[in-house]
Amino acid sequence: MFLPFEQVGNSQQKAEGTGLGLAIAQKIVEMMGGEIKVESILGQGSIFSLDLELTKSSEYIEPNSSNTSMNLTGFKGNKNKILLVDDRLENRSLLRNILEPLGFQIMEACNGTEGLAKAAEFNPDLIITDLVMPVMDGFEMSRRLRQSSEFKDVILIASSASVFNFDRQNSHEAGCNEFLSKPIEVDELLEVLKNYLQIEWIYDQPADLGNEQREGLTNVLNVQSGELVIPPSTELVALFNAARIGDIEVVEQEANRLKQIDGNYLPFANKILQFSKSFEEKKLLAFVKRHLEE
């Protein structure tokens, strides 16, 4: 199982992967003086485990305080429709969870054939497509899009777990503007979107340094409340109650509801979603409570 392998059969029916993952993982663990094991039960699944002897670090690394994807609240620009084409639901869900809170409209397709149909229906500004998919792969879909008068200029971003340069080259020859390796780096993705969609990211501004010495709630915030449009307290009660008991699903529902009520609440709602998606429950509760009491 830990030996390198190559998939056989029709290339359109192959799953993602190069056959090197477990071999590389085993080599890395062995180089660190450990051992990786697997236990499998037919029809139930497998459990992978590893043993490593690690020393505790004595150095403290200061967190990077520069603007990153963690404090994005939205963007300025008119192009916001993105089509995600990937046969794996988890890959599409990951990108949707990154992009939708920023204000992008998202549509999904699970193969190239469905991608062509959804493109005609959705008229996206940008398409992010996997390359290896059943029914129709990303290469063929890209070629067909480039041959159509309607989508010959649409922005096409190829995304693949392949480590081979010829897949990158073939994606460009099929008409893709850019290639992103999986797993996709969020900051790299955002830079690509900024360049091709010609948009400007909107960031939360760091709080005044003097606030770091204040007691209570303000020391967990990294935005200046004056830059946020805060909903009235009557709209925050359900959100606060959900945050207090740690019901993340309801928290996200309330944040999305606030977006629908008033577009001015978008930065506030996105901040809530950032806290929830990173499971920062204490900061989430403090943030909501502060504005509820104002």
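Every chain is numbered on its own, with residues counted from 1 as its sequence reads. Given that this is a predicted model, residues contribute local features only at a pLDDT of at least 70 and side-chain atom pairs are listed and counted only at 80 or more, while totals for whole chains, interfaces and linings are drawn from all residues. Computation of side-chain values: all heavy atoms of the structure, hydrogens and water removed.

This paragraph deals with the overall build of the protein chain. Helical segments are the DSSP runs of H or I of at least four residues, strand segments are the runs of E of at least two, and each set is numbered from the N terminus. Scanning the protein chain from terminus to terminus reveals 10 helices and 9 strands. Summary of the burial criterion: residues with accessible area below 20% of their type's maximum are buried, those above 50% are exposed, and those between are partly exposed, where the area comes from a 1.4 Å probe applied to protein chains only. Going through the 294 residues of the protein chain one by one, you find that 37% of them count as buried. Contacts: residue pairs with any heavy atoms within 4.5 Å of one another. Sequence-distant contacts, at least 24 apart, represent 58% of the contacts inside the protein chain between residues at least 6 apart. Surface exposure here means Shrake-Rupley accessible area, sampled with a 1.4 Å probe, where a residue is shielded only by the protein chains that are shown. Accessible surface, the protein chain: about 17300 Å² in total, of which carbon and sulfur atoms supply 50%.

Let's shift gears to the packing of helix 3 (residues 112-122) against helix 4 (residues 138-147). Note on geometry: axes are lines fitted to C-alpha atoms, helical ones only across the stretch in contact, with angles between N-to-C directions running from 0 to 180 degrees. One can describe the packing of helix 3 onto helix 4 by two numbers: an axis separation of 9 Å at closest approach and a directional angle of 30°. One way to sum up the angle between helix 3 and helix 4 is to call them roughly parallel. As for the relative orientation of helix 3 and helix 4, their crossing is right-handed in sense. In contact with Gly-112, Gly-115, Leu-116 and Ala-119 of helix 3, helix 4 contributes Met-141, Arg-144 and Leu-145. Following the grouping adopted for this structure description, the nonpolar residues are Ala, Val, Leu, Ile, Met, Phe, Trp, Tyr, Cys and Pro, the charged ones are Asp, Glu, Lys and Arg, and the polar ones are all others, Gly among them. Per-class residue counts for the contact of helix 3 with helix 4 are 4 nonpolar, 2 polar and 1 charged. Roughly parallel here means an angle under 35 degrees, roughly antiparallel means over 145, roughly perpendicular means 65 to 115, and every remaining angle is called oblique. Throughout, a crossing is termed right-handed when the near helix is turned clockwise from the far one, and left-handed when it is turned anticlockwise from it by less than a right angle.

This part is about helix 6 (residues 186-197). One less than the residue count of a helix, multiplied by 1.5 Å, gives the span that helix is expected to have. Between its first and last C-alpha, helix 6 extends 16 Å over 12 residues, near the 16 Å set by a 1.5 Å rise per residue. Taken together, the buried positions of helix 6 are occupied by Leu-189, Leu-190, Val-192, Leu-193 and Leu-197. Buried residues of helix 6, seen end-on, are gathered within an arc of 160° and therefore sit on one face of the element. Downstream of helix 6 by one or two residues, Gln-198 has phi in the positive range, about 55°. Along the arc lie the directions from the helix axis toward the C-beta atoms.

What the 5 strands build is an open sheet, ordered 5-4-6-7-8; its pairing is parallel. The strands lining the two open edges of the sheet, one partner per strand, are strand 5 (105-109) and strand 8 (178-181). When strand polarity is set aside, the average angle formed by the axes of neighbouring strands in this sheet is 20°. Of the pairings in the sheet, the one linking strand 7 (residues 155-160) to strand 8 comprises 4 bridges and is parallel in character. Pairing between two strands is assigned when DSSP locates at least 2 bridges connecting them.

Before going further, it helps to spend a moment on the nonpolar core. Only buried residues count toward a nonpolar core, which is a set of Ala, Val, Leu, Ile, Met, Phe, Trp, Tyr and Cys residues joined through side-chain atoms within 4.5 Å. Counting residues in each nonpolar core, the largest one holds 22 residues, and the members touching the most others are Ile-82, Phe-104, Ile-128, Leu-193 and Trp-201. Taken together, the elements giving at least two residues each to this core come down to strand 3 (72-76), strand 4 (81-85), helix 2 (89-99), strand 6 (126-130), strand 7 and helix 6. At 5 residues, helix 6 tops the list of elements feeding residues into this core.

The predictor attaches a confidence to each residue, and that confidence, scored 0 to 100, is pLDDT. Averaged over every residue, the pLDDT of the protein chain is 82; residues scoring 70 or more account for 81%. Taken as a whole, residues 207-226 scores under 50 in pLDDT and shows 31 contacts with residues more than four places along the chain or in a different chain.

This part is about the pattern of salt bridges. Within this document, salt bridges are pairs made up of a side-chain nitrogen of Lys or Arg and a carboxyl oxygen of Asp or Glu, the two lying within 4 Å of each other. Applying the stated criterion to the full structure yields 12 salt bridges. Here Arg-144 makes a salt bridge to Glu-140, at a shortest N to O gap of 2.8 Å. Here the residue Arg-144 and the residue Glu-140 both occupy positions in helix 4, the gap between them amounting to 4 residues, near one helical turn. Residue class for Arg-144 comes out partly exposed when judged on its relative accessible area of 41%.

In contact at an axis separation of 8 Å, helix 7 (residues 233-245) and helix 8 (residues 248-261) are set at 160° when each is read in the N-to-C sense. Here helix 7 lies roughly antiparallel to helix 8, going by the angle between them. When you trace helix 7 past helix 8, the crossing you get is left-handed. Residues Glu-235, Leu-236, Ala-238, Leu-239, Ala-242 and Ala-243 of helix 7 touch helix 8, and the partners they reach there are Val-250, Val-251, Glu-254, Arg-257, Leu-258 and Ile-261.

How two aromatic rings sit relative to each other is given by the distance of their centres and the angle of their planes. Paired rings are identified among Phe, Tyr and Trp, the last through its six-membered ring, by centres lying within 6.5 Å, and are further divided according to the angle between planes into stacked (under 30 degrees), edge-to-face (over 60) and tilted (the rest). Considering all chains together, one arrives at 6 aromatic pairs under this definition. Between Phe-2 and Phe-48 the ring centres are 6.5 Å apart and the planes differ by 80°, which places this aromatic pair in the edge-to-face class. Of this pair, Phe-2 sits in the segment before helix 1 (21-31) while Phe-48 sits in strand 2 (residues 45-51), and the two are 46 residues apart along the sequence. What makes Phe-48 partly exposed here is its relative accessible area of 41%. Every member of this aromatic cluster is reached through a ring pair, and the members are Phe-75, Phe-104 and Trp-201. Against the face of Phe-122 rests Lys-81, its NZ or CZ located 4.8 Å from the ring centre. By definition, being over a ring means that NZ of Lys or CZ of Arg is both within 6 Å of the ring centre and within 35 degrees of the ring normal.

Quick look at a nonpolar patch on the surface now. Candidate patch residues must exceed 30% relative accessible area and have no salt bridge, after which like charges are joined if within 9 Å and Val, Leu, Ile, Met, Phe, Trp or Tyr side chains if within 5 Å. On the surface, Leu-20, Ile-24, Ile-28, Met-31, Met-32, Leu-50, Leu-52 and Leu-54 cluster together into a nonpolar patch covering about 760 Å² of accessible area. Counting residues per element, the nonpolar patch draws most heavily on helix 1, at 3 residues. In this structure Leu-50 comes out as partly exposed when scored by relative accessible area, which is 44%.

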